[in-house]
Amino acid sequence: MVERQTQAMSAGCRSGLSGPRNVLVIGASTGYGLATRIAAAWGFGANTLGVFFERPPEGKKTATAGYYNSAAFHRRARRDGLHAESVNGDAFSDDVKRETAALIRKDFGKLDLVVYSLAAPRRTNPRDGHTYQSALRPIGQPYTGKTVDLSTRIVADITVEPASQQEIDETVAVMGGEDWQWWIELLIEENLLAAGARTLAYTYVGPKVTWPIYRDGTIGVAKKHLAATARHLDGVLHSRLGGNAWVSVNKAVVTQASAAIPMIPLYVSLLFLVMRRKGLHEGCIEQMRRLAFEHLAAGKTPATDEDGMIRLDDLELRDDVQAEVMELWGRATTENLEQISDLAGFRLDFNNLFGFEVDGVDYEQPTETDLSL
Ligand code: NAD
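Since the model is a prediction, treat every value here as computed from it, not as a measurement.

> How would you summarise the sheet that holds strand β3 (residues 84-88) if you had to cite specific residues and measurements?
Ordered by their spatial adjacency, seven strands build an open sheet running β3-β2-β1-β4-β9-β10-β11, and the pairing between neighbours is parallel. Looking along the sheet, the strands with just one partner apiece sit at the ends: β3 and β11 (310-311). Relative to strand β2 (residues 47-52), helix α2 (residues 31-44) is tilted by about 170 degrees, and along the sheet it contacts β1 (22-26), β2, β3, β4 (111-116) and β9 (193-203). In this fold helix α3 (residues 65-79) packs onto β2 and β3, with an angle of close to 160 degrees to the strand it touches most, β3.

Here's what the structure looks like:
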């Protein structure tokens, strides 16, 4: 995956675009964060510092996929003469924030760009010691909708019960903007942000059919908090450093985080088919390439919507795309799903996340699993 994504970015390097020089990505080992890091490194030649929480190999036990992604990232960065450092630990903790700040001071100087791309099921807040759990639930009433079970491939209705107020509050504590704000406050306090520094976090909006579980559900409340945090940080960065904070609305892709959301695998399987047919398909790296070259390259000010958000989901939400997806959604059943969707593409992307079924890999050959970063 790292190989394919670095290749996808190389064309940009040749185009001579410049961009941020020193980039911190929080949540840098998989999904959008990894693609952001690759886009910054191979798109602009940036020095990158990645923070993530992955299990390293231990004895006979292999590491997590994100650990191997990061090991591959470091290997390729060294080969291509790109400076890269990583901190593997809990980004919500004070220790990891302090360790990262010390590394920035020692090896990077000041940062031009900080990207917050965490997706976590829980967070221990170091200031109150409490561990908060996020929940993916509707609010106010139960929601019944179509979903596909990825292991059995059965399409069926599921009912998700509404969240309690505590579940809403805990989801905001995990996936809202508080921790992002603490990172930026610490970096300002430690004088580690360059003049004009920018920060970004990611969100999803999606079509109406996903709103009860996403936009209008617990995660949606957390994302509203993230958007409010962006407005607050934008004011702070503007007045202190002439900088900015934005939220970027990205399209639906296959990641460990998105596959866990009810309805998303079915929706994404249909979306992929329609977008591929129309020549509009994008994965993480195509999205982050667009973000880098169209919005973050030197001399560019990101284009935003009326709420001040960068919209990378413009192609996903195009009327003609959504009309076709919704028509397919209405008639998707267990019997016809393989024919009317790209479920096979979804499953392949999902397996690829963990290094399985990757094109060109000979799985008969032994491979070293005890890798360092
Ligand atoms: P992902 O699961 O692929 O990546 C999550 C990252 O967070 C990993 O690098 C992981 O190591 C890191 N992480 C988790 N807990 C951590 C902790 N305690 N400390 C340090 N690192 C930790 O997720 P993703 O889908 O790429 O999501 C990233 C962001 O993009 C989220 O804000 C998500 O809402 C947003 N987004 C995702 C989609 C989508 O379809 N996947 C669409 C739009 C927006």
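> Before we move on, can you summarise the packing of α2 against α3 with the specific residues and values?
At a minimum axis separation of 12 Å, α2 and α3 run at an interaxial angle of 0 degrees. If you check the angle between α2 and α3, you find them roughly parallel. Residue-level inspection shows Leu-34, Arg-37, Ile-38, Ala-41 and Trp-42 of α2 in contact with α3, the latter providing Asn-69, Phe-73, His-74, Arg-76 and Ala-77. Taken together, the residues that form the contact of α2 with α3 break down as six nonpolar, two polar and two charged.

> Break down the site of the ligand for me, with residues and values.
Ser-29, Tyr-32, Ala-91, Lys-223 and Thr-255 are the nearest of the 29 residues found near the ligand. Tyr-32 has a polar backbone atom sitting 2.8 Å from an oxygen atom of the ligand. Side-chain polar atom of Asp-90 to a nitrogen atom of the ligand: 2.9 Å apart, as the coordinates give it. Of all the elements in the fold, those that place two or more residues in the shell around the ligand are α2, β9 and α8 (256-259). Tallied by class, residues from the shell around the ligand come to 15 nonpolar, ten polar and four charged.

> Could you give an account of the pairing of β4, with specific residues and numbers?
With five of six residues buried, β4 lies mostly within the body of the structure. Where β1 meets β4, four bridges bridge the pair, whose relative direction is parallel. Of the residues in β4, the one forming a bridge with Val-25 is Val-115. Taken together, the five bridges between β4 and β9 define a ladder with parallel strand orientation. If you follow Val-115 over to β9, its bridge partner there is Leu-200.

> Which residues make up the packing of aromatic side chains, and what values do they have?
For the structure on display, the rule yields seven aromatic pairs. Ring plane angle 85 degrees and centroid distance 5.4 Å describe the contact between Trp-42 and Phe-73, whose orientation is recorded as edge-to-face. Placement of Trp-42 in helix α2 and of Phe-73 in helix α3 is noted, with a sequence separation of 31 residues between them. With respect to class, Trp-42 is no different from Phe-73; both count as buried. Pairing Phe-44 with Phe-293 gives two aromatic rings, centres 5.7 Å apart and planes at 75 degrees, and the pair type is edge-to-face. Of this pair, Phe-44 sits in helix α2 while Phe-293 sits in helix α10 (residues 284-296); the two residues are 249 residues apart in sequence, bridging distant segments of the chain. Pair check on accessibility: Phe-44 and Phe-293 agree, each one buried. Over the aromatic face of Trp-182 sits the side chain of Arg-123, whose NZ or CZ is 5.1 Å from the ring centroid. Here the basic side chain of Arg-215 rests over the ring of Trp-211, its NZ or CZ set 3.6 Å away from the ring centre.

Conventions used here
- Residues numbered from 1 in each chain as written.
- Predicted model: local features only at pLDDT ≥ 70, side-chain atom pairs only at ≥ 80, totals over all residues.
- Heavy atoms only, no water.
- Pairing = 2+ DSSP bridges.
- Helix = DSSP H or I, 4+ residues; strand = E, 2+ residues; numbered from the N terminus.
- Contact = heavy atoms within 4.5 Å.
- Axes fitted to C-alpha atoms, helices over the stretch in contact; angles between N-to-C directions.
- Parallel < 35°, antiparallel > 145°, perpendicular 65-115°, else oblique.
- Nonpolar A, V, L, I, M, F, W, Y, C, P; charged D, E, K, R; others polar.
- Near = heavy atom within 4 Å.
- Polar contact = N/O pair within 3.5 Å; in protein donor to acceptor, adjacent residues only side chain to side chain.
- Buried < 20%, exposed > 50% of the residue type's maximum accessible area, 1.4 Å probe, protein only.
- Phe/Tyr/Trp six-rings, centres within 6.5 Å; stacked < 30°, edge-to-face > 60°.
- Lys NZ or Arg CZ within 6 Å of the ring centre and 35° of its normal.

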